[in-house]
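# Examination of the molecular architecture
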Amino acid sequence: MQFSETFAASLDANDKLSAFRSRFFIPEIKGKEAVYLCGNSLGLQPKTVEANIKAELHDWAKLGVEGHVHAKNPWLSYHEQFAGPLARITGAKESEVVAMNALTVNLHLLMISFYRPCQSRYRIICEEKAFPSDSYALQSQAKLNGYEPFDAIREIHPRPGQAHIDEQDVIDAILEEGDMLAMVMIGGVNYYTGQVFDMKRITEEAHKVGAIAGFDLAHAIGNIELKLHDWDVDFAAWCTYKYLNSGPGGVSGVFINEKHASNPKTFRLAGWWGHDKASRFKMEPDFIPIPTAESWQMSNAPVLSMAAHKASLDIFDEAGMENLISKSKELTAYLSSLLQEVQQLPSHKGLFTVITPDKRGCQLSLLFHKQGKDVFNFLSENGVIADWREPDVIRIAPAPLYNSYTDVYRFANIIKQFSPK
Ligand SMILES: *Cc1c(COP(=O)(O)O)cnc(C)c1O
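Let us look at the structure shown here. (Residues numbered from 1 in each chain as written. Predicted model: local features only at pLDDT ≥ 70, side-chain atom pairs only at ≥ 80, totals over all residues. Heavy atoms only, no water.)

### Quick notes on the pairing of strand S12 (residues 364-368)
Burial analysis of S12 places five of its five residues in the buried class, the great majority of the element. Side chains Leu-364, Leu-366 and Phe-368 of S12 all project onto a buried face; the interleaved residues Ser-365 and Leu-367 project onto the opposite face, where all are buried too. As judged from the three bridges shared by strand S11 (residues 352-354) and S12, these two strands associate in the antiparallel manner. Note that in S12 the partner of Thr-353 across the bridge is Leu-367. Pairing between S12 and strand S15 (residues 393-396): four bridges, direction antiparallel. Residue pairing across strands places Leu-364 opposite Ile-396, the latter belonging to S15. (Buried < 20%, exposed > 50% of the residue type's maximum accessible area, 1.4 Å probe, protein only. Helix = DSSP H or I, 4+ residues; strand = E, 2+ residues; numbered from the N terminus. Pairing = 2+ DSSP bridges.)

### Comments concerning the layout of surface pockets
If you add up the space inside the largest pocket, you get close to 560 Å³. Around the largest pocket sit 26 residues that line it, and Ile-224, Glu-225, Leu-226, Ile-325 and Lys-329 are the ones nearest its centre. When contributions to the lining of the largest pocket are tallied by element, the ones reaching two or more residues are helix H4 (83-90), helix H9 (199-208) and helix H12 (321-344). Here the lining of the largest pocket takes eight residues from H12, the largest share from any one element. Class assignment for the residues of the lining of the largest pocket results in 11 nonpolar, six polar and nine charged. Inspection of the lining of the largest pocket shows a minimum of three residues originating in each of domain 1 (5-33 + 321-417) and domain 2 (52-319). (1 Å grid on protein atoms, 1.4 Å probe; cavity = no way out; pocket = protein on both sides within 12 Å on 5 of 7 lines; lining within 4 Å. Points joined across faces, edges and corners; volume = space filled by probe spheres on them. Nonpolar A, V, L, I, M, F, W, Y, C, P; charged D, E, K, R; others polar. Domains from an automatic or database assignment.)

### A short note on empty space enclosed by the protein
For the structure shown, the criterion picks out two cavities of 30 Å³ or more. Taken as a whole, the largest cavity holds about 40 Å³ of empty space. Looking at the largest cavity, the residues that line it are Gly-222, Tyr-243, Asn-245, Phe-316, Ala-399, Pro-400, Leu-401 and Tyr-402. Residue composition of the lining of the largest cavity, grouped by class: six nonpolar, two polar and no charged. In this structure, the lining of the largest cavity is formed jointly by two domains, domain 1 (5-33 + 321-417) and domain 2 (52-319), each of which donates at least three residues. Taken as a whole, the second largest cavity encloses approximately 30 Å³ of empty space. Residue lining of the second largest cavity: His-68, Trp-75, Leu-76, Trp-273, Asn-300, Ala-301 and Val-303, and that is the complete set. Its residues assigned to classes, the lining of the second largest cavity shows five nonpolar, two polar and no charged.

### A look at the site of the ligand
Near the ligand the following residues occur: Leu-103, Thr-104, Phe-131, Asp-134, Asp-216, Ala-218, His-219, Tyr-241 and Lys-242. Note that an oxygen atom of the ligand is positioned 2.6 Å from one of the side-chain N or O atoms of Thr-104. Between the ligand and Asp-134 there is a distance of 2.6 Å, counted from a nitrogen atom to a side-chain nitrogen or oxygen. Across the complex, the protein chains shield 82% of the 390 Å² of accessible surface that the ligand would expose by itself. Here the residues of the shell around the ligand sort into four nonpolar, two polar and three charged. (Near = heavy atom within 4 Å. Polar contact = N/O pair within 3.5 Å; in protein donor to acceptor, adjacent residues only side chain to side chain. Areas by Shrake-Rupley, 256 points an atom, 1.4 Å probe, with all protein chains shown as cover.)

### Focus: unusual backbone geometry
Note the cis peptide between Glu-390 and Pro-391, where omega equals 0°. You can see Pro-391 is positioned in the loop between strand S14 (387-389) and S15. Unusually for a residue other than glycine, Asn-245 sits at a positive phi of about 50°. Within the fold, Asn-245 resides in the loop between strand S9 (235-238) and strand S10 (253-256). Residue Asn-245 is classed as buried on the basis of its relative accessible area of 2%.

Here is the structure:
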């Protein structure tokens, strides 16, 4: 009954957020709208991006340097517009977030502040199969501080026969490391399995042993509920080109708990854009940090790429993160139940397993026991844009802002039409 185009259309008709789809450009394949399920890799382009960028180009053309003060959105304070929307999406105070740089760069900057090992307290806990950039960053931070990565970093791996990590294993590792533990740094949502970690609990346990808790929110921001301030998270960083639809290489963002940001003793690499605003242009040699996350900014803001970020955050504010999350839960539950039906077809028995645990955001990861690449090619031929992870995983992410129940139905139906060997 639910596995039909008419049923999916009826769900779309009842979806209060369905109109937001028309705010985005949907890519086409062979002249037809693609089923785009890859927002966890690169979010779609809001139609307002072009006008936003053009407005800045116009002000630059007309005003030159004066645009810093006289542009419609003055460049001097351009990034300040994001504090409100980012705080709403991440559950932070406005003083705890700032948009700047790129994600891996920001992870390094934050670890320079918050991974400050000393002789006996130097260990890091992270998850196995973290995104490679995060592993490289952790390894090089360990080396920067004079430690061997294999000694400093403890990866928590899934139990045998499981793809996701048992959260208890993270907690047990924290307790075991005890006063050797300097930092826990985990992806809030694992990019590969789509598993959501209990950031509140991990932060609490890390704090109990005197360690710092930091999270990479690349796959969490714009996807799941975040309450970074209330959870007492120490620091976090994210990129904005995935669920936040801010364009390829779009500006990243960071969260720094106010207890650290307002403490002048917290070490931060300094640059003029982090300096006290009232005296910044006196150009004096001594650094006075702004007592907020903004003091981690070193350079003036990349306004052109931020113009795309602004287009997207305006849409998030209009839609509301709570509404998006509640649609997301239903949309992914619909996907999950259609896939369960497909798995029960005699022809499809044993073809794939969903390795995403129940604690998830919108993404489902399908592990294929055979013919994974054939299925992926079949999906592509039939107008689906999804994500292939060697050797055998297809990741699917229905994004509640622009994906419809019909998208989900079409995807599941194409898998159903595939004839396994
Ligand atoms: C997407 C992603 C990155 C990408 O890093 P950039 O610095 O933006 O290139 C890093 N880490 C994780 C967990 C990601 O999902």
